[in-house]
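Next come the chains, spelled out residue by residue.
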Amino acid sequence: MIRVRCLRGGSRGAESAHFLGALIGRTVAGWVRKAFQSTRAAVAATASERSSVADDNHKDKATDALTEECPVCSYNEWDTLEEVIVGRPENACVPPFTLEIKANTSEKNWPFYLQHGGHRFPEEHLKKVVAEIDEMCNVLRGEGVTVRHPDLIDWSAYYKTPDFASTGMYAAMPRDILLVVGNEIIEAPMAWRARFFEYRAYRTLIKDYFLRGAKWTTAPKPQMSDKLYDLDYPMQSAEDRHKLAALGKFVTTEFEPCFDAADFMRAGRDIFVQRSQVTNYLGIEWMRRHLAPTYRLHTISFKDPNPMHIDATFNIIGPGLVLANPERPCNQIDIFKKAGWTIVSPPRPLMPDDHPLWMSSKWLSMNVLMLDAKRVMVQKNETTIQKMFEKLGIETIKVNISHANSLGGGFHCWTCDIRRRGTLQSYFD
């Protein structure tokens, strides 16, 4: 098994960093090891108390094997998956029905938010979600993947900052808040007020990864004052949203950087991002400068009346292979065609119209998780997309998370891959 060490690939000023690292390592390595030892033990104890017995066993094995290696390393969406964070639906709350929520949800669901905003999702539905995610984790472990979870938090707690007040939401979708680029975990600032403190659920995990060698970056936290939002943003019809999106106008302004990690899609040295309702151009520019010159950021757009998170619109599933939503065509698709990539149009979803989707569309059918270039985790009931993958020579791992879809995500959303077995490569040169 090949793993990439922390200083490999992607560090700016690599030569000086390597020289200084070697010099310091020879003189103070023993001191650093002792200084970190007690802290690492405390973090490991906390994590173990909050994880299942099965997760502990996997984590212990991973920790033993990676004592001198970086536990975080992922460059794309399809290399062999070794470790993943899976979200937790427990205590999930419906966000208060504020402007930024309204701009991101279908009109048919507005009554649901008016009734449940600030309170937990319906209890019976959440029980089914918990059971589905537990089974999904069991399947991942059976496929040889180490599974870890964020902490449990009471998301119904009311909080207030100098600029706004809200209750929380959940730690169900790690893909929304965490982006792994090489050996670095980047915490996204987010754009919804209900998600302002969501990072707290992941701090035990991230501190553990950091103490074992990973890089850890937190993007500038936005104030989320009224200046971040267009208070006059019209949203009474899908037609209005189409016109506004075509003009590049969204509910978030350019007052300060904001972005959700789920608006980024990785393909080695090239990372694709969309300007959306939750990701603004200042946020994209912050990421561009932060990742340069090792990584190249490409802003792409789609014919989408309500863009938010790229992975149910555009999902890169292998080297030279991308799923492109036929209802939301990409305006810059020639980038991929000129590079010789195959553009696959997935079949229409089979999810029935009466299934509750409070925070997403049926196109979660293409929100799949690649376990490697030849294995994909896909919704059990979506038989037509299973056939599509099989024709591509990709084995389908079928799991039912239909009730989990209601909370706003498919397999890709519910996970954040921490380690994939691969190296940094360029697929567009």
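Since the model is a prediction, treat every value here as computed from it, not as a measurement. (Residues numbered from 1 in each chain as written. Predicted model: local features only at pLDDT ≥ 70, side-chain atom pairs only at ≥ 80, totals over all residues. Heavy atoms only, no water.)

## Focus: the sheet that holds strand 12 (residues 321-324)
Strand order in the open sheet formed by 3 strands is 11-12-13, and the pairing between neighbours is mixed. In this open sheet, the two strands that pair with only one neighbour each are strand 11 (314-318) and strand 13 (342-344). For this sheet, the mean inter-axis angle between neighbouring strands, taken without regard to orientation, is 30°. For strand 12 and strand 13, the ladder comprises 3 bridges, and the chain directions are parallel. In the sheet register, Leu321 faces strand 13, and the bridge partner there is Thr342. (Pairing = 2+ DSSP bridges. Helix = DSSP H or I, 4+ residues; strand = E, 2+ residues; numbered from the N terminus. Axes fitted to C-alpha atoms, helices over the stretch in contact; angles between N-to-C directions.)

## Topic: helix 11 (residues 383-391)
Since one α-helical turn is 3.6 residues long, residues separated by three or four positions face the same way. For helix 11, the full list of buried residues reads Ile385, Gln386, Met388 and Phe389. For helix 11, the angular spread of the buried residues around the axis is 160°, confining them to a single face. Of the exposed residues in helix 11, the ones pointing more than 90 degrees away from its buried face are Lys387 and Lys391. Contacts made by the buried residues of helix 11 are with strand 11, strand 12, strand 13, strand 15 (375-379) and strand 16 (395-399). (Buried < 20%, exposed > 50% of the residue type's maximum accessible area, 1.4 Å probe, protein only. Arc of directions from axis to C-beta. Contact = heavy atoms within 4.5 Å.)

## Examining the sheet that holds strand 14 (residues 369-372)
Taking strand neighbours across the sheet as the criterion, the 3 strands line up as 14-15-16 in an open arrangement whose pairing is mixed. Each edge of the sheet is formed by a strand with only one pairing partner; in this case those strands are strand 14 and strand 16. Neighbour-to-neighbour, the strand axes of the sheet open up by a mean angle of 30°, direction not taken into account. Pairing of strand 15 with strand 16 involves 5 bridges; the strand directions are parallel. Note on strand 16: the bridge partner recorded for Met377 is Ile397.

## With respect to the nonpolar core
In terms of nonpolar packing, the biggest core is built from 84 residues, with Phe121, Met136, Leu140, Leu407 and Trp414 touching the most fellow members. Considering each element in turn, this core owes the most residues, 7 residues, to helix 5 (residues 123-142). The contact partners of Leu140, leaving out residues within four places of it in the chain, are Val84, Val86, Val145, Val147, Leu369, Leu371 and Met377. In this structure, Ile317, Trp363, Phe389 and Phe428 belong to the second largest nonpolar core, which totals 31 residues. (Core = buried A, V, L, I, M, F, W, Y, C linked by side-chain atoms within 4.5 Å.)

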